[in-house]
Structure formats: C-alpha cells, structure tokens
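Chains, contacts and geometry: an overview
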Amino acid sequence: MNTTWAPAEQPDNFAFDAESEAEIVNVLKKYPEERKASAVMPLLYIAQRQMGRVTGSAWIPLVAMDEIARRLEMAPIRVYEVASFYTMFNTKPIGRYHLQVCTTTPCWLRGSDAVTEACRKATGIHHFGETSADGLFTLTEVECLGACANAPILQVDDDYYEDMDGPRTEALIADLRAGRRPEAGPAINRMCSAPEGGRKTLLETSASSSDQK
C-alpha cells in the first residue's frame, strides 16, 4: 500500500501480546458490542505502546492497524484515517525517546526556543521530525499541550516536563541517554501549577481560624 504518511518498509506481521490483550479486554468492556468500533483510538494507543515496549520504537505499523480493524470489525481504511489524522499516533518509526516541544504562544513567550535549541544541541538533530544518529531521540514540534501555566513544556513520550529552559533540557536529555528517567512535572520549586516557592494566599491554618471565632 502506497501512502504519504506511512513508510514503505513495514513489518510482515503483528499480534497483541498478553499485556496488551489484558488492556484490550478492559477497553472493550466500555462499549456495546455494536459500538466497539469506538475503541479504535484506545487500541491504536495500546498497539503503539506495545511497539515501544517490544522494539524500542513507539509507532503503529500498517499490520497493527489491520489487526485492529479485524478485531473491531471495521474497514481498515477507517483505522488508517484515525491513525493518520491525530499527531498522538506515530505512523513512522521514532527514537527510543520522543521529544515533543510545544512552540505555541505561551510556551514560546516563556522560552520554548531555548528548549528547542537545547534539544538540537544535546541530540545532534537539526530539524523537527528527525531522529538522532544513535536512534535514541526523535524531535517533534507540537501544538498546545494544555499546560500553559507551567510553560515551556517538553513532553517526553507520555510525560510532561514543565518550566523548562536550556540547561534543564540538556540535563534531562543527558539522564535519558544514561538510561535514567527523571520524575516528570515542574522543574522548579512548586507543586503542580501553584506559584514558585509555595502558596502566596490563604496562608492561615484552620487552627488560627478557629481562634478568631
């Protein structure tokens, strides 16, 4: 099959492993039998995660899409349409770590250019969409990741690394290269999207409030 979104070189076969099968059972419980085609997105994601787990490259080959079509009793082209539309699905092989840089306005204003440059410097990648020579990293430009309060964001696989800058990005990539995955979340001293250094308001404790009564 000739497509512009899938590579010519494809594996000959694909089968869900035991871990994926267990996930599929739980997913299909959410849909009536006659509506099981609605599970196409979860099954695509399960296939992508399995490829990452088994081969080190989280992508979805055509044979996996065909297997999903068979399992859900839908035309293969319907699966292809979904897989090729959403950027969360990788239809081509990627590196072991998928570096996804948000460059939308909030992240750009907060320094996503420095994050992008650090990714290029640390991996040797020159342009978005490329994979590093050692096969470890693929760099992708993405649209808003919905974490604007913690901009700029670097998503690695499924994890958000927040409040990033150039040096923090280079340190993160060095850890990944060494086989260490740092804890995801804010890179500065704050919890979730709270202010840096802790709360600035509502500082009174319940005890002091009781005293006032």
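Residues numbered from 1 in each chain as written. Predicted model: local features only at pLDDT ≥ 70, side-chain atom pairs only at ≥ 80, totals over all residues. Heavy atoms only, no water.

Sheet topology note: the strand 3 (residues 154-156)/strand 4 (residues 159-162) ladder contains three bridges and is antiparallel. The residue bridging valine 156 from the neighbouring strand is aspartate 159, located in strand 4. Between strand 3 and strand 4, which pair antiparallel one after the other, the connecting turn spans two residues, and aspartate 157 there sits at a positive phi close to 55 degrees. For strand 4 and strand 5 (residues 185-186), the ladder comprises two bridges, and the chain directions are parallel. In the sheet register, glutamate 162 faces strand 5, and the bridge partner there is proline 186. Taken together, strand 4, helix 7 (residues 166-177) and strand 5 constitute a β-α-β crossover, and its handedness is left-handed. (Pairing = 2+ DSSP bridges. Helix = DSSP H or I, 4+ residues; strand = E, 2+ residues; numbered from the N terminus. Right-handed = clockwise from strand over helix to strand, strands pointing away.)

A separate point is the environment of glycine 124. Of note, glycine 124 is situated in the loop between helix 6 (112-123) and strand 2 (137-142). Considered as a pair, glycine 124 and tyrosine 80 are 44 residues apart in the sequence and their alpha carbons are 32 Å apart.

So, on to unusual backbone geometry. Proline 152 follows alanine 151 through a cis peptide bond whose omega is 0 degrees. Turning to its location among the elements, proline 152 is positioned in the loop between strand 2 and strand 3. You will see that glutamate 73, though not glycine, has its phi angle at about 55 degrees, which is positive. Structurally, glutamate 73 is set in the loop between helix 3 (62-72) and helix 4 (76-85). Relative accessible area serves as the criterion here: at 63%, glutamate 73 is assigned to the exposed category. Phi is positive for cysteine 192, which is not a glycine, with a value near 55 degrees. Structurally, cysteine 192 can be placed in the loop between strand 5 and helix 8 (206-212). (Buried < 20%, exposed > 50% of the residue type's maximum accessible area, 1.4 Å probe, protein only.)

Attention now moves to the environment of serine 57. Secondary-structure assignment places serine 57 in the loop between helix 2 (40-55) and helix 3. For the pair serine 57 and valine 25, spaced 32 residues apart in sequence, the C-alpha to C-alpha distance is 24 Å. Residues within four places of serine 57 in sequence aside, it is in contact with Met51, Gly52, Pro93, Ile94 and Gly95. (Contact = heavy atoms within 4.5 Å.)

To continue, consider the domain arrangement of the chain. What the domain assignment lists for the chain is domain 1 (18-85) and domain 2 (97-186). Summarising the inter-unit geometry, the C-alpha centres of domain 1 and domain 2 are found 27 Å apart. (Domains from an automatic or database assignment.)

This paragraph deals with the UniProt feature "binding site: [2Fe-2S] cluster" (unreviewed entry) in the chain. Using the residue numbers shown here, the UniProt feature "binding site: [2Fe-2S] cluster" (unreviewed entry) corresponds to Cys102, Cys107, Cys144 and Cys148. A compact arrangement is adopted by the annotated residues: their sequence extent is 47 residues, whereas the largest C-alpha distance between any two is 9.7 Å. Residue placement: cysteine 102 occurs in strand 1 (residues 97-102). If we skip the residues at most four places from it in the chain, cysteine 102 touches Cys107, Ser112, Val142, Glu143, Cys144, Leu145 and Ile153. Considering the arrangement of structural elements, one finds cysteine 107 in helix 5 (residues 105-109). Under the relative-accessibility criterion, cysteine 107 is labelled buried at 3%. The residues touching cysteine 107, leaving out its near neighbours within four places in the chain, are Cys102, Ser112, Ala151, Pro152 and Ile153. (UniProt positions renumbered as here; feature names shortened; annotations may be inferred.)

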